[in-house]
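Observations on the three-dimensional arrangement
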Amino acid sequence: MSPSHPKLPRLPIPDLRKTMDRYLRSIQPVLLADEHAGGPSFSTSYARQQALVSAFLTSPGPHAQARLLALDKASPNNWLDDNFWMKKTYLEWRAPLLINSNWWLTFVNDHDVPEEVVTDDGEGFTPWQVRRAACLVHGTVDFKYRMESQELYPNTTRTGMWLRHATSLIFNVSRIPQHGCDKLTVPSPPSSPWTSTITVVARDFYYALRVVDPTTGAPLHVDEIEKGLRAVVKDVLRRRQKGQMAVEVGVLSSDDRDEWTENYDNLVSFSPQNARSFEAIHQSLFVLSLDHWSAPSTPASRHVEKLPLTFQVDAPTPTPASVPQSSSSLPTVPTDLRSHQSAIRSSPSALNRFFDKPLSLIVERTTRAGAMGEHSVVDALVPSIVCEWGVAGASGTRVREGLAGVPFERDADEEERGGLGDLEAGTGACWKRLDFATSLSVQAAIENAKQRAEALILNSDHEVSYFEDWGGEEVKRVSSNQPDPFVQLALQLAYYRLHLRPAPVYETALTRSFQHGRTETIRSFTMESYAFLRACVGWKGRSAERSEPPPHLHPLLQSAFKAQSSLTRSAMIGQGIDRHLLGLRCVLSGEWASLDNAASSDTNAHRTPQSDSATNSCANVPLFEDAIFKRSQEWRLSTSGLSEGWWFRGTGFGSPYEDGYGINYLIGPHSVKFCVESKHSCPTTSTRAFIDHVSDALRDMRDICLWAKKREEEGSSVCPTPEVTAPEGEGIGCGVADSGKSKNGQVGECILAKARL
């Protein structure tokens, strides 16, 4: 490996038998819960699962593993991302991106904006809105430019190598609807006039606005970007005064993917102008939506300007590296937070949005702002790092400067610049209308898409909660564990108390230490966590008859933490099971039969004979068709955490199941922010009730730890940490390596981000 061209190691393919070993252990609590609910006995069910795994290890497992190993050798970066991940996890999915797949972030308000602007309940565009939009745009492209020049996160670090590749994927790209499986646009050539532009959407009129120097890639001055945005807004106002109505094509991108495909194809074939406008949107850096709806908010407190960057960089920034030291210095839950989250996640009727771009900045008339994006190319951590740079003003911009207080009417010298010629040859923040030709059938499709979008939005039971009793620092003090396992177990306890049953849990771990690494699943529902959940049934610290927790709860709690930490570490080092299982299933299809020649040359001496029926399709593999195999991947608790997120009011993503919860959380030193989504249409779920149970669970778990400390200080006997095993001595064939331990028995806390499975 050349020092000048460092590379991350390749994502490993886990040992087949170890993956099956871990799989069997992961389904033990599912089978035990079935027995407790009146189903078949654990021993009977587990014996059946062992037989299925044993049969798979005989055939066709080794053959699939050989194909995977051959595929890895033929893949430029890694076997997963180069071949399966985006296609199987995202692009083949036909459900609307709105709520179901796209992530969203809400930003803190800027402390420079006057209170009368932030709290205004009127409608229409404002100069302060445009100024903040210009600052956010400048910060975003400034981050991109500094990453490319290696001023930030240089290639000498693993973080730099991973992040440089990851951030490059969110710019100048778009998802394109196609029947059966969508595709992503290829990078546009440098000669394209659109690569230096953003797509601006205002009252559903679309524009291309240049924001970077097309030769150097450096961002234009923030004041120049602001002038360009003001010119675009004034053009929208003129068009509205003339009675022009926008073609609301963005609504169509919120629809079912096959519906969107039909409408997209109709629009492109209807007019060359439509094809050119879509090309400009697809090749642009990202989207900026300027919303005109009423959006009264609460002013930012002065402490905001003293917040540090969550993701620290070596280069000096204007942001002081100081952290609030007490919960009293943190903001309480903003009164408008729910409406803010809802507006960023999904505007009224999905208007003024384009859902296919990986990054859309959204700025409301009161300067309230956030971001939303298509999920396939990157996981939410990546755009959160990019956005934080802009929100924090790390590029040196200030909202209080420029033309923030100047009415639009005062721009008397602003000419109606624009046109493709200007973008090709002109300088500065040139802009161009991106118009669409329409028809009666297109308009009918837009109205139908609006109705479906409104139904999705109304069905979303979405809440944000700030748990401000304490945060990550207190968790570490009382439990001697990292905060993430603590929060994960609280989520499980809340679900168990609310629904009187456990559920498989999805938590995302980043595999960013590998070349083009994405994510792995942490199967957080374990035998250890289930033992703790059941033991808590008879005790609830916050109940009216609050009592001292039984001594045995603390060792069960610690055992669950240990199991979670071990799984997290295994997932981060590429030794999880779900990505491996996905690959094994995929390579058994006929399209990968060509790998057999390569595989046979390496493994011929060790191969087990395979029947044709066993290798032609995963549909013929009993293990993959088994009900328990499928149920173990039905994540009623779909969870993900982001580190701290000082500059974000909230985050979110939708539940992947009608009767489940989508949960994003941000753990700070002195608080935890929870963003939870479920569906109103499900009679058994309730986001508000779940959040209340989460708060109770956190407090109860802290009490368990505090009582254990008290007993220890008083010299009372302490129950030893139990060894949680399967009932009746049932084993799993091979032991699971506890690869998660460090010298002190703990694991380092990872930064986690949501990915759709």
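Residues numbered from 1 in each chain as written. Predicted model: local features only at pLDDT ≥ 70, side-chain atom pairs only at ≥ 80, totals over all residues. Heavy atoms only, no water.

**Focus: the overall build of the chain**
When its secondary structure is counted, the chain shows 25 helices and 16 strands. Taking all 757 residues of the chain together, the buried fraction comes to 61%. In the chain, the share of contacts with a sequence separation of at least 24, taken over all contacts with a separation of at least 6, comes to 81%. Counting every atom, the chain has about 28500 Å² of accessible surface; 51% of that belongs to carbon and sulfur. (Helix = DSSP H or I, 4+ residues; strand = E, 2+ residues; numbered from the N terminus. Buried < 20%, exposed > 50% of the residue type's maximum accessible area, 1.4 Å probe, protein only. Contact = heavy atoms within 4.5 Å. Areas by Shrake-Rupley, 256 points an atom, 1.4 Å probe, with all protein chains shown as cover.)

**Observations regarding the packing of aromatic side chains**
All chains considered together, the criterion is met by 25 aromatic pairs. Three or more aromatic residues joined by ring pairs form one cluster here, namely Tyr206, Trp260, Tyr264, Phe278, Phe354 and Phe436. The ring of Phe171 carries Lys144 above its face, with NZ or CZ at 5.8 Å from the centroid. Between the NZ or CZ atom of Arg636 and the centre of the ring of Tyr657, over which it lies, the distance is 4.6 Å. (Phe/Tyr/Trp six-rings, centres within 6.5 Å; stacked < 30°, edge-to-face > 60°. Lys NZ or Arg CZ within 6 Å of the ring centre and 35° of its normal.)

**Quick look at the packing of helix H17 (residues 483-499) against helix H18 (residues 527-535)**
Between H17 and H18, the least distance of the axes is 10 Å, while the angle of their chain directions is 50 degrees. Classed by the angle they form, the pair H17 and H18 counts as oblique. Two packed elements cross with a definite hand, and for H17 against H18 that hand is right-handed. Taken together, the residues of H18 that come into contact with H17 (itself represented by Leu489, Gln492, Leu493 and Tyr496) are Ser529, Tyr530, Phe532, Leu533 and Arg534. Across the contact of H17 with H18, the residue classes break down as 6 nonpolar, 2 polar and 1 charged. (Axes fitted to C-alpha atoms, helices over the stretch in contact; angles between N-to-C directions. Parallel < 35°, antiparallel > 145°, perpendicular 65-115°, else oblique. Left-handed = near helix turned anticlockwise from the far one by under 90°. Nonpolar A, V, L, I, M, F, W, Y, C, P; charged D, E, K, R; others polar.)

**Observations concerning the pairing of strand E5 (residues 205-210)**
With 6 of 6 residues buried, E5 is to be regarded as a mostly interior element. Because side chains alternate across E5, one face comprises the buried residues Phe205, Tyr207 and Leu209, and the other comprises Tyr206, Ala208 and Arg210, equally buried. Where strand E4 (residues 197-202) meets E5, 6 bridges bridge the pair, whose relative direction is antiparallel. Note on E5: the bridge partner recorded for Val201 is Tyr206. In sequence, E4 turns back onto E5 through a hairpin of 2 residues, with Arg203 there showing a positive phi of about 50 degrees. (Pairing = 2+ DSSP bridges.)

**Digging into the sheet that holds strand E7 (residues 360-363)**
Spatially, E9-E5-E4-E6-E7-E8-E1-E14 is the arrangement adopted by the 8 strands of the open sheet, whose pairing is mixed. Either end of the sheet is taken by a strand with one partner, and the two such strands are strand E9 (431-434) and strand E14 (648-652). Taken pair by pair, the neighbouring strands of this sheet meet at an average axis angle of 20 degrees, ignoring direction. Here helix H6 (residues 127-148) sits on the sheet in contact with strand E1 (103-107), E4, strand E6 (287-290), E7 and strand E8 (369-373), set at roughly 155 degrees to E7. The strands touched by helix H13 (residues 381-391) are E1, E7, E8 and E14; relative to E1, the strand with the most contacts, the crossing angle is about 20 degrees.

**Overview of H17**
With 17 residues, H17 ought to run about 24 Å at 1.5 Å a step, and its terminal C-alpha atoms sit 24 Å apart, in line with that. Looking at the residues trailing H17, positive phi occurs at Leu500, about 60 degrees. (Expected span 1.5 Å × (residues − 1).)

**Section: the pattern of salt bridges**
In this structure the tally under the stated criterion is 47 salt bridges. Notably, a salt bridge pairs Glu474 with Arg477, separated by 2.8 Å at the nearest N-O pair. Taken together, the residues span about one helical turn, with Glu474 and Arg477 both in helix H16 (residues 472-479) at a distance of 3 residues. Connected through salt bridges with shared partners, the residues Arg94, Arg175, Asp182, Arg257, Asp258, Asp356 and Glu374 form a single ionic network. (Salt bridge = Lys/Arg side-chain N within 4 Å of Asp/Glu carboxyl O.)

**Focus: the nonpolar core**
If you look at the biggest cluster of nonpolar residues, it comprises 84 residues, and the most contacted ones within it are Tyr23, Phe84, Phe532, Leu623, Phe674, Phe690 and Met701. Excluding its chain neighbours within four sequence positions, the residues that come into contact with Phe674 are Glu463, Val464, Ser465, Phe467, Val487, Leu491, Asn664, Tyr665, Val694 and Leu698. In this structure, Leu8, Phe125, Leu136 and Val382 belong to the second largest nonpolar core, which totals 77 residues. (Core = buried A, V, L, I, M, F, W, Y, C linked by side-chain atoms within 4.5 Å.)

**Description of unusual backbone geometry**
Going from Ser59 to Pro60, the amide bond is cis rather than trans, its omega being 5 degrees. Within the element layout of this structure, Pro60 appears in the loop between helix H2 (42-58) and helix H3 (61-74). Not every positive phi belongs to a glycine, and Ser349 is a case in point at roughly 60 degrees. Within the fold, Ser349 resides in the loop between helix H12 (337-345) and E7. Residues other than glycine seldom take positive phi values, yet Thr367 does so here, at roughly 80 degrees.

**Here we look at the pairing of strand E11 (residues 505-510)**
The buried fraction of E11 amounts to 6 of the 6 residues, a majority that puts the element mostly inside the structure. Side-chain alternation along E11 places Val505, Glu507 and Ala509 on one buried face and Tyr506, Thr508 and Leu510 on a second face that is also buried. By the bridge criterion, 3 bridges tie E11 to strand E13 (residues 637-643) in an arrangement that is parallel. By the bridge assignment, Tyr506 is partnered in E13 with Ser638. The pairing of E11 with strand E12 (residues 519-523) spans 5 bridges and is classified as antiparallel. Its bridge partner being in E12, Ala509 is matched across the sheet by Glu520.

**Some details on empty space enclosed by the protein**
If you walk through the whole model with that rule in mind, you get 9 cavities of 30 Å³ or more. In this structure, the largest cavity encloses a volume near 90 Å³. What lines the largest cavity is a set of 13 residues, and nearest its centre among them are Trp162, Ala166, Val378, Gly517 and Arg518. Class assignment for the residues of the lining of the largest cavity results in 7 nonpolar, 3 polar and 3 charged. The computed volume of the second largest cavity comes to approximately 80 Å³. Along its surface, the second largest cavity is lined by 13 residues, and Leu11, Trp79, Glu520, Gly574 and Arg579 are the ones closest to its centre. Across the lining of the second largest cavity, the residue classes tally to 5 nonpolar, 5 polar and 3 charged. (1 Å grid on protein atoms, 1.4 Å probe; cavity = no way out; pocket = protein on both sides within 12 Å on 5 of 7 lines; lining within 4 Å. Points joined across faces, edges and corners; volume = space filled by probe spheres on them.)

**A word on the environment of Val672**
Turning to its location among the elements, Val672 is positioned in strand E16 (residues 672-679). Here Val672 falls in the buried class, since its relative accessible area comes to 3%. Spatially, the C-alpha atoms of Val672 and Tyr466 are 5.9 Å apart, while their sequence positions differ by 206 residues. Setting aside its immediate chain neighbours within four residues, Val672 contacts Ser465, Tyr466, Phe467, Trp470, Gly471, Tyr665, Leu666 and Ile667.

**With respect to the environment of Asn263**
Looking at the element boundaries, Asn263 is found in helix H10 (residues 257-270). Its relative accessible area of 12% is what places Asn263 among the buried residues. When the C-alpha positions of Asn263 and Ile446 are compared, they lie 9.0 Å apart, and in sequence the two are 183 residues distant. Each residue touching Asn263, except ones within four places of it in the same chain, is listed here: Leu252 and Ala445.

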